[in-house]
Amino acid sequence: MDQQTLVNNGFHAAPSWAMGVGQLGAVLVLVGVLLFLTSIVSMALGQRAQTLGKWTFAVGCVCVIGAMAALVSLFLSDQFQFEYVANHSWRNLAGMYKVAAVWSGQQGSFLLWATTSAVFGLLAVWRTGPYQRWFVFVYALFLGCLCGILAYETPFSLLNEISAGDLHISLLLNGIHFAPPDGMGLTPSLQNYWVVVHPPTIFTGFGSLTVPFAFAVSALLTGDAVAWISRVRPWALVSLSILGLGLVMGGLWAYETQGWGGFWAWDPVENVSFVPWLFVVAFIHGIIVQTTRKRWHGTNMLLGGLPFLLFVYGTFLTRSGFLSKFSVHSFAEMNRSALWILMVFLGIMVLGFMILWAMRGPRLGRQNDVPLRREGFNRERGYQFGVLLITGLSTAIAFGMSVPFFVGLFGGAGKVVDEPLYHSVVVWFYIPIMLLVGFVPFLSWRKQEPGTFWMRAINIVGLAIGVLGLVMIQFKVSDYAFHSAPLPPIDFPFGIHVSRFAWVMCLFGVTAFAGIGNLWRLVEMLPKSPSGVGGFVAHLGLAIAMAGLILSRGLEQKAQILVADREPGSGLGYKLTYEGLTSQPQTDRDNKVEFDVQTTFGQKEDFQARPGFFYVPGDDGSDQAFTWPHIQRVLSHDVYLSLASPITTLWDHPPTLRVGETKEDNGVLVKYLGLVRRGEPGKDGTSFGARIQVTENGTTFPVVEPKIVIGGNPDLVRASPNFLASLEGINPADDSVQIQLHFVRTIYPIELFYKPMTMLVWIGTGILTLGGLLSAFYRRYRRRLPEPEDVEKEDAPLPAIES
Amino acid sequence: MFTLSKKRGFAKGAALTAAVCVLALAGVVYAFIANSSPYVTVAQARASTADNLHVAGDIIRDTVHQDLANRTLTFDMKDETGTVKVVYTGTPPQNMGEANKVVAEGGMKDGVFLSDKILVKCPSKYESEKKS
């Protein structure tokens, strides 16, 4: 193929600046490896080379960020001569989706992880004080490995040839690199604003996990198990809130776009981010105990390191390809060398950290912990149980997502853990955790007055039962009762079945208890110490969001409905009437299908539903339908309307009929009477017609003759009131034909969900975020030491340590 | 100063906590391993009575039949061990139309594989297949 042919086909010479930017990106990654190696060596040498180590680390971080900037600029300027750009973007993509496309593939998401980690490294390194040497050592080791992975798993490689069938066309001609006219595009399911905001948020959360890890290792290596806590605390709170926000966004994204009506599917990819977050939650509680009671020094060094290690483990699990068979998310297989780097890093870090902690952690704890002076159940005991339960829950989920891997490792056949199994395991942690969340805030750190505690506990239990009763009455008498069909029972071990309503109400009651306890405490403490109530606000938000998740998933109702023009469908007390499409052609991505929705009983809440629906031309000429659900939000419930691929033909695949044969489907009969030929066989313009007769609802309609013209497209002939017929293929040997019947009016299959109290999820996550921000603001790092705000204001300040 | 008995009490408490933790984790591990859903072949599915099987196979396109009145989709699915008729009661996934390879979740009932969840492994043009 020569240059001219390439140009005629829309190829163009790649601009030299872009080639330079691509090379720069690749070089920056390699320079990063060298700088981080230098940093590691200097830090290992000790005090003398510490300045060098710090600066090479900082410059290395800037290199990583620069590589990201290079990749973004290649995406924004449509440089399709780069393989990664060509595979994930195209010219007509809106600007914000071009940015989203940067992290839509494996290479880009590794680079994003490296970038967010580098940003946190760059921010945190200046305030590491005596921990700087080992902090930088660990951090540079991690970023060096990530740069090593990126050197193999590079997004900057050029597209050297393209294949069309068996033909391979080289794009490098006479020293000029040619760029294809367009890329493959971004998969439509990712073209959503959530994909623009969710991945950067959650990866920022992932990146932030490196800071507590590096601090924890430094504390172990330096032997100073005290001072690091006030330095790491703001970063741990940042991790908690940003990773939490990312998780929430992921759930909302799933709910708003995926169409299966839920927030959380316990997919490995979701669990990989949930498990580290739970460990951060445990760590935050450990920090509170250490700052207020001067205890848990050993435990906290373990809790600080685990979130990062679990995330690296999760990355290995999901990216290595072991789970690709078992996840709805699809992953490209990772480059072997890059995978080895990841595995070796993971192995060294996990083993190294655990051995280091086992050798020094408990001893440092014993040396620094103030002895527990009060026996019995005080607040610290409550925290202890809570942290045990949270880490237990997290370990259980981590094990659940590893089941396919472990079973596979020991030679077993593939096994996966499904959503119901996760629920039945997780609930045994959830109930005690929520009980603790409800009553531990009332326990004193020091001296517990049993009288006042029990008084308040009884009040709160009473209030929770009251709320539970109100909710139960509400579900029994309100619209929900009209909408509800019998719910399937919940299966427990040993063949026990429990009514779903009763079980959901149990879980709701426990959650209400936690919420009311914290609300009570919030009201009590607000006048005394308005800045110290962040924790109660966060717990209240958690309880409200969990109540929303439990009610909306546990008591959801669903129905499958078919709707076509002038043929309304009904389900769950709603009548859906088709109104029309908003745009033509149907490849328009903003196309909506409009339905008028009328309530047939209960409170009137008529609305217009506008689920999205458009076709994307597929590879083999057939079109693929994409849809977005419609969500109607009411205070007491969501009506969730999920559109499936419209049904346009009677058969998925045109059936073959021999002369005289009759086919039946869904009560429709087609009889094939014979083939009619006009013209010479094999010549353009020659037409064939199949004489067919359609019987619908017992009425037989006149014979029609759909035709096919050689060199032309099959035509559509009205065969009955509801069907158009087309001739899709002929076998000249025996005159058998392939016939397809098309619906005159497209059928829209709809899955309708009634999800009570979904609004609570939004309210709860909002309050949770507010609580996190309050805490982060109150607990921000201040140079004044010792910090009087370390002591919980809500309680009497800790008296000087008496020995 | 701690007395000896207090120290012993503390150690006892720690040992008890550790024992409870180990037991709880063992329970979790057992629950997950024993109840997780296995990936099986068509032949194994036919011989099993479990209702949480995952069967991966190819759809035989000619056999796909949409029953509009009962809202079910039936098709024959085959792998190297045999063929089974699948009756699917859920909403067809968006990319079902083009898919050849699917994973059906469910179990055998009255000679057919009754499924309410299908995962589609579709050859999408958006995922580049080749990778060295």
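Residues numbered from 1 in each chain as written. Chains lettered and ligands numbered in written order. Predicted model: local features only at pLDDT ≥ 70, side-chain atom pairs only at ≥ 80, totals over all residues. Heavy atoms only, no water.

Let's shift gears to the overall build of chain A. From N to C terminus, chain A includes 20 helices and 27 strands. In terms of its C-alpha atoms, chain A occupies a principal-axis envelope of roughly 110 × 80 × 50 Å. Summarising the internal contacts of chain A: among those between residues at least 6 apart in sequence, 70% fall at separations of at least 24. Taken as a whole, chain A presents about 33400 Å² of accessible surface, with 63% of it coming from carbon and sulfur. Averaged over its 55 positive side-chain charges, chain A has a centre that lies 14 Å from the centre of its 55 negative ones. (Helix = DSSP H or I, 4+ residues; strand = E, 2+ residues; numbered from the N terminus. Contact = heavy atoms within 4.5 Å. Areas by Shrake-Rupley, 256 points an atom, 1.4 Å probe, with all protein chains shown as cover. Lys, Arg positive; Asp, Glu negative; His and termini not counted. Charge placed at Lys NZ, Arg CZ, Asp CG, Glu CD.)

Take the sheet that holds strand β10 (residues 569-571) of chain A next. Residue and element names in this part refer to chain A. Taken in spatial order, the 4 strands make up an open sheet running β10-β11-β12-β13, and their pairing is antiparallel. Only two strands of the sheet have a single neighbouring strand rather than two, namely β10 and β13 (607-609). Each strand of the sheet is rotated relative to its neighbour by a mean of 30°, with strand direction disregarded. In this structure, strand β11 (residues 574-581) lies alongside strand β12 (residues 593-599), joined through 7 bridges in antiparallel fashion. The residue bridging Thr-577 from the neighbouring strand is Asp-596, located in β12. (Pairing = 2+ DSSP bridges. Axes fitted to C-alpha atoms, helices over the stretch in contact; angles between N-to-C directions.)

Before going further, it helps to examine the pattern of salt bridges. All names here are of chain A. This structure, assessed with the given rule, holds 17 salt bridges over all chains. Of the charged contacts in the structure, one is a salt bridge between Arg-91 and Asp-78, with a shortest N-O distance of 4.0 Å. Taken together, the residues span a long stretch of sequence, with Arg-91 in the loop between α4 (83-88) and α5 (95-102) and Asp-78 in the loop between α3 (50-76) and α4 at a distance of 13 residues. In this structure, the salt-bridge partner of Glu-556 is Arg-553, at a minimum N-O distance of 3.2 Å. Overall, the relative accessible area of 12% leaves Glu-556 in the buried class. (Salt bridge = Lys/Arg side-chain N within 4 Å of Asp/Glu carboxyl O. Buried < 20%, exposed > 50% of the residue type's maximum accessible area, 1.4 Å probe, protein only.)

Residues and elements named next belong to chain A. The end-to-end C-alpha distance of helix α10 (residues 228-258), which contains 31 residues, comes to 43 Å, matching closely the 45 Å that a straight helix rising 1.5 Å per residue would cover. Along its length, α10 reaches its greatest deviation from straightness, about 30°, at Pro-234. Across the 31 residues that make up α10, a large majority, 25, are buried. (Expected span 1.5 Å × (residues − 1). Bend = angle between axes of the 7 residues up to and from the residue.)

Residues and elements named next belong to chain A. Between α10 and helix α20 (residues 759-778), whose axes approach to 10 Å, the crossing angle comes to 165°. Considered as vectors, α10 and α20 are oriented roughly antiparallel to each other. α10 and α20 meet at a crossing whose hand is left-handed. Contacts from Leu-237, Leu-245, Val-248, Leu-252 and Glu-256 in α10 reach Trp-762, Thr-765, Thr-769, Ser-775 and Ala-776 in α20. (Parallel < 35°, antiparallel > 145°, perpendicular 65-115°, else oblique. Left-handed = near helix turned anticlockwise from the far one by under 90°.)

On to the sheet that holds strand β4 (residues 172-173) of chain A, then. Residue and element names in this part refer to chain A. Spatially, β1-β5-β4 is the arrangement adopted by the 3 strands of the open sheet, whose pairing is antiparallel. Two strands lie at the open edges of the sheet, namely β1 (12-13) and β4, each paired on one side alone. Two elements, β4 and strand β5 (residues 176-179), share 2 bridges in a ladder whose sense is antiparallel. Residue pairing for β5: Leu-173 is matched across the bridge by Ile-176.

Our next topic: the environment of Trp-228 of chain A. All names here are of chain A. Checked against the element boundaries, Trp-228 lands in helix α10. With relative accessibility at 0%, the residue Trp-228 sits in the buried group. Trp-228 sits 16 residues away from Pro-212 along the chain, and the two C-alpha atoms are 9.4 Å apart. In contact with Trp-228, not counting residues within four places along its chain, are Tyr-131, Pro-212, Phe-215, Ala-216, Ala-219, Phe-283, Asn-300 and Met-301.

This paragraph deals with unusual backbone geometry. Residue and element names in this part refer to chain A. Despite not being glycine, Asn-666 shows a phi value in the positive range, around 50°. Here Asn-666 falls in the partly exposed class, since its relative accessible area comes to 26%. Unusually for a residue other than glycine, Asp-735 sits at a positive phi of about 60°. On the secondary structure map, Asp-735 appears in the loop between β26 (723-731) and β27 (736-756). We classify Asp-735 as partly exposed; its relative accessible area is 32%.

This brings us to the pairing of β12 of chain A. Looking down a regular strand, the side chains alternate between one sheet face and the other. Residues and elements named next belong to chain A. In terms of burial, β12 is a largely internal element, 5 of the 7 residues being buried. As paired elements, β12 and β13 share 3 bridges and run antiparallel to each other. Bridging from a neighbouring strand, Phe-595 pairs with Ala-609 of β13.

On to the packing of helix α8 (residues 193-208) of chain A against α10 of chain A. Residues and elements named next belong to chain A. Put simply, α8 and α10 touch, their axes get as near as 8 Å, and they point 150° apart. On the basis of the axis angle, α8 is roughly antiparallel to α10. Every pair of crossing elements has a handedness; the one defined by α8 and α10 is left-handed. Contact with α8, carried on its side by Tyr-193, Trp-194, Val-195, Val-197, His-198, Thr-201, Ile-202, Thr-204, Gly-205, Phe-206 and Ser-208, involves Ser-239, Ile-242, Leu-243, Leu-245, Gly-246, Leu-247, Met-249, Gly-250, Leu-252, Trp-253, Glu-256 and Thr-257 of α10 and no other residues of that element.

Among the nonpolar cores identified, the biggest contains 216 residues, and Trp-228 of chain A together with Phe-32 of chain B are the most heavily contacted of them. It is helix α11 (residues 268-293) of chain A that contributes the most residues to this core, 14 residues altogether. Counting residues in hydrophobic clusters, the runner-up holds 25 residues, among them Leu-650, Val-668, Ala-719 and Val-737 of chain A. (Core = buried A, V, L, I, M, F, W, Y, C linked by side-chain atoms within 4.5 Å.)

Residues and elements named next belong to chain B. Taken over all residues, the pLDDT of chain B has a mean of 79, while the share at 70 or more is 78%. This model gives residues 1-5 a pLDDT under 50, and the stretch forms 2 contacts once residues within four places in sequence are excluded. Residue range residues 123-132 is modelled with pLDDT below 50. Its contacts to residues more than four positions away, or to other chains, number 16 contacts. Both scores are given for the predicted complex: the pTM is 0.90, the ipTM 0.85. (pLDDT = per-residue confidence, 0-100.)

All names here are of chain A. Looking at chain A as a whole, its pLDDT mean stands at 87, while 93% of the residues score no less than 70. Taken element by element, the predicted model of chain A shows its lowest mean pLDDT in helix α17 (residues 479-483) (72) and its highest in helix α9 (residues 210-222) (96). Within the model, the stretch residues 784-803 combines pLDDT values under 50 with 39 contacts to residues more than four positions away or in other chains.

The full count for this structure, using the stated rule, is 43 aromatic pairs over all chains. Ring centres 3.9 Å apart and planes at 25° place the aromatic pair Phe-206 of chain A and Phe-311 of chain A in the stacked group. One end of the pair, Phe-206 of chain A, is in helix α8; the other, Phe-311 of chain A, is in helix α12 (residues 297-319), and 105 residues separate them in sequence. Both rings, one in Phe-723 of chain A and one in Phe-743 of chain A, keep their centres 5.0 Å apart while their planes meet at 40°; by these two values the pair is tilted. Linking Phe-723 of chain A in strand β26 with Phe-743 of chain A in strand β27, this pair joins segments that are 20 residues apart in sequence. Among the aromatic residues, those joined into a cluster by ring pairs are Trp-264, Trp-266, Phe-274, Trp-277, Tyr-313, Phe-316, Phe-399, Phe-405, Phe-406 and Tyr-422 of chain A together with Phe-32 of chain B. Over the ring of Phe-501 of chain A we find Lys-476 of chain A; its NZ or CZ atom is 4.4 Å from the centre of that ring. (Phe/Tyr/Trp six-rings, centres within 6.5 Å; stacked < 30°, edge-to-face > 60°. Lys NZ or Arg CZ within 6 Å of the ring centre and 35° of its normal.)

Time to look at the side chain of Ser-89 of chain A. Within the fold, Ser-89 of chain A resides in the loop between α4 and α5. Once you skip the residues sitting within four places of it in the chain, Ser-89 of chain A turns out to touch Phe-75, Phe-80, Lys-98, Ala-101, Gly-183, Met-184, Gly-185 and Leu-186 of chain A.

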